[in-house]
Amino acid sequence: MNKTIRISLAVALALGVSLPAQAGKNVRSSARANVNSNKNVNVNRNVNKNVNVNRDIDIDVDHHHHGGYYGGCCYHGGVGTAMAVTATAMVTAAVIGSMVNTLPSGCSTVIVNGFAYQQCGSTWYQPQIAGSSTTYIVVNAPR
Amino acid sequence: MRRLSRTLAALALAGVAVPALAQQPPAVDPGAMSALQAMGTYLRTLKSFQVDVATTDEDVLDDGQKIQYSGTTSILARMPNGLRAEVSNDRHERTYLYDGKSFTLFAKRLNYYATVPAPPTVGELARTLDEQYDVGVPIVDLFRWGTPSFSTAAVTGAIDVGPSVVEGVTCQQYAFRQDDIDWQIWIQKGDYPLPRRLVITTKTDEARPQHTAEYTWNLAPSFNDAAFVFDPPEGAGKVVLAKAASAATK
């Protein structure tokens, strides 16, 4: 566990924010949907699919189970990344380059050089469409 | 062995069926394999097609509990360089558009889209998206059967199950085994050997999650080239397509 994650988790705990692992269930694997595949699609997908409770359909498309179950998110990076993602999502002390699945409230869309960004207070997020969901990368102010 | 033979003979005389020992069919039925090849060959003769696919998929939770979700995928293909796929399920409402030059993935619920340059054929597009972006072309099997991408070498078992009717269409059902999946396919009988139903059982998780798909075909779709070109809706935001984890580190 690197320092950033540890600090984020500590902050999350200090704020009394419950960590998502306790709130819902993780998806450990998914059915393969094609006979033909270039690679083994199930490798590593289970480790970092995190459950995200109460995800709002308006905030992120890719799921709208309002209960404790969430699947289909974030299989980029390893376990550490997944933890960093959730921890960062909980506290808005956003680290440049970190990824979140949902935005905090009060964001507005800003178009810079033709691309859509989300500005949430002083923090800027770059939305990116991935195979399984749409995520947001914390970036420096793009202008 | 002699005793077994005698026992078998006695059973046979007594009119008892001894199927298991009577005749072992080969693990890979050549008839089932040739039916699969014929389907692939036929699919590759189609210049354009439209197919509506009703799907179910399963996730396995930590404790082995399975969760099923369903959806639809509507595909319009102009071979070899036009594809429009509209996917709607509990997680996504997405449109995949490919016109032979660029590829756009539109996430309708967020009103975001991402466009990247694309190779000249659907087959190459599928590989590029998979390797560089971890994006799968929906129902990609339809574009791989009958091509070198489908390797029969992976099949370790093949059975001709028999006739079966899918949505009123008479099919022949086949069951195949591979190391990591078991799968069944229902192929339309007659002059148009189309896949009508597919079931894939993933064996790498002991809970064995399943994917099912039922196909409704239109082999004479009407469309124009604009069908494959993305026209951003009002207010749609252009964003980036995330690089695959493996590609990002390169």
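Calculation criteria
- Residues numbered from 1 in each chain as written.
- Chains lettered and ligands numbered in written order.
- Predicted model: local features only at pLDDT ≥ 70, side-chain atom pairs only at ≥ 80, totals over all residues.
- Heavy atoms only, no water.
- Phe/Tyr/Trp six-rings, centres within 6.5 Å; stacked < 30°, edge-to-face > 60°.
- Helix = DSSP H or I, 4+ residues; strand = E, 2+ residues; numbered from the N terminus.
- Buried < 20%, exposed > 50% of the residue type's maximum accessible area, 1.4 Å probe, protein only.
- Lys NZ or Arg CZ within 6 Å of the ring centre and 35° of its normal.
- Contact = heavy atoms within 4.5 Å.
- Buried area = accessible area lost by both parts, 1.4 Å probe.
- Salt bridge = Lys/Arg side-chain N within 4 Å of Asp/Glu carboxyl O.
- Polar contact = N/O pair within 3.5 Å; in protein donor to acceptor, adjacent residues only side chain to side chain.
- Nonpolar A, V, L, I, M, F, W, Y, C, P; charged D, E, K, R; others polar.
- Expected span 1.5 Å × (residues − 1).
- Arc of directions from axis to C-beta.
- pLDDT = per-residue confidence, 0-100.
- Pairing = 2+ DSSP bridges.

> What am I meant to see in the packing of aromatic side chains here?
All names here are of chain B. Using the criterion set out here, one finds 12 aromatic pairs over all chains in the structure. Ring centres of Phe150 and Trp183 lie 6.4 Å apart, and the angle between their planes is 85°; this geometry places the pair in the edge-to-face category. One end of the pair, Phe150, is in the loop between helix H5 (141–144) and strand E7 (157–166); the other, Trp183, is in strand E9 (residues 181–188), with 33 residues separating them in the sequence. You'll find Phe150 and Trp183 in the same group, each marked buried. Through a chain of ring-to-ring contacts, three or more aromatic side chains come together here, namely Phe49, Phe143, Tyr215 and Trp217. Across from the ring centre of Trp186, 4.9 Å away, lies the NZ or CZ of Arg197, which sits over that ring.

> It is not clear to me how the interface of chain B and chain A should be interpreted in this structure. Could you clarify?
How big an interface is tends to be stated in terms of the accessible area lost upon association of its parts. Facing 58 residues of chain B, the contacting portion of chain A comprises 45 residues. When the two sides are added together, the surface that chain B and chain A hide from each other amounts to roughly 4,300 Å², 49% of it contributed by carbon and sulfur. Interface area lost by chain B to chain A is led by B:Arg91, B:Leu110 and B:Tyr112, which between them contribute 14%. Seen at the junction of chain B and chain A, the total is two salt bridges. The salt bridge involving B:Asp180 is made with A:Arg32; its shortest N-O contact spans 2.9 Å. At the surface where chain B touches chain A, the tally comes to 23 residue pairs in polar contact (both at pLDDT 80 or more). A breakdown of the residues in the side of chain B that touches chain A according to their chemical character gives 28 nonpolar, 10 polar and 20 charged.

> In this structure, what is going on with helix H4 (residues 122–133) of chain B? I would like to understand it.
Residues and elements named next belong to chain B. When the terminal C-alpha atoms of H4 are compared, their 15 Å separation across 12 residues agrees well with the 16 Å that a helix rising 1.5 Å per residue should span. For H4, the full list of buried residues reads Val122, Leu125, Ala126, Leu129, Asp130 and Tyr133. The arc that holds every buried residue of H4, seen down its axis, measures 125°, which confines them to one face. Looking at the buried residues of H4, the elements they touch are strand E3 (82–89), strand E4 (93–98), strand E5 (102–107), strand E6 (112–117), H5 and strand E13 (240–241). After H4 finishes, the residue Asp134 shows a positive phi value of roughly 55°.

> Help me understand the confidence of the model for chain A in this model?
Close inspection of predicted coordinates is inappropriate in any region flagged by low pLDDT. All names here are of chain A. Of the residues in chain A, 44% have a pLDDT of 70 or more, and the chain-wide mean is 62. Predicted confidence in chain A is weakest over helix H2 (residues 20–23), with a mean pLDDT of 40, and strongest over strand E4 (residues 115–120), with 95. Here residues 1–23 is modelled with pLDDT under 50, and outside its nearest four sequence neighbours on either side it reaches 26 contacts, counting other chains as well. Ignoring residues within four places in sequence, the model shows residues 40–92, a span with pLDDT below 50, making 147 contacts including any to other chains.

> Sorry if this is basic, but what is going on with the pairing of E3(B) here?
The two faces of the sheet receive side chains in turn, since in a regular strand these alternate between them. Residues and elements named next belong to chain B. When strand E2 (residues 66–78) meets E3, the two strands line up antiparallel, connected through eight bridges. Pairing of Ser74 across the sheet is with Glu86, part of E3. Note that E3 and E4 share six bridges and pair antiparallel. Bridge pairing in E4 links Leu83 to Tyr98.

> Quick question: what am I supposed to make of the confidence of the model for chain B here?
Across chain B, the average pLDDT comes to 91, with 89% of residues at 70 or higher. Scored as a whole, the predicted complex attains pTM 0.78, and scored at its interfaces, ipTM 0.82.

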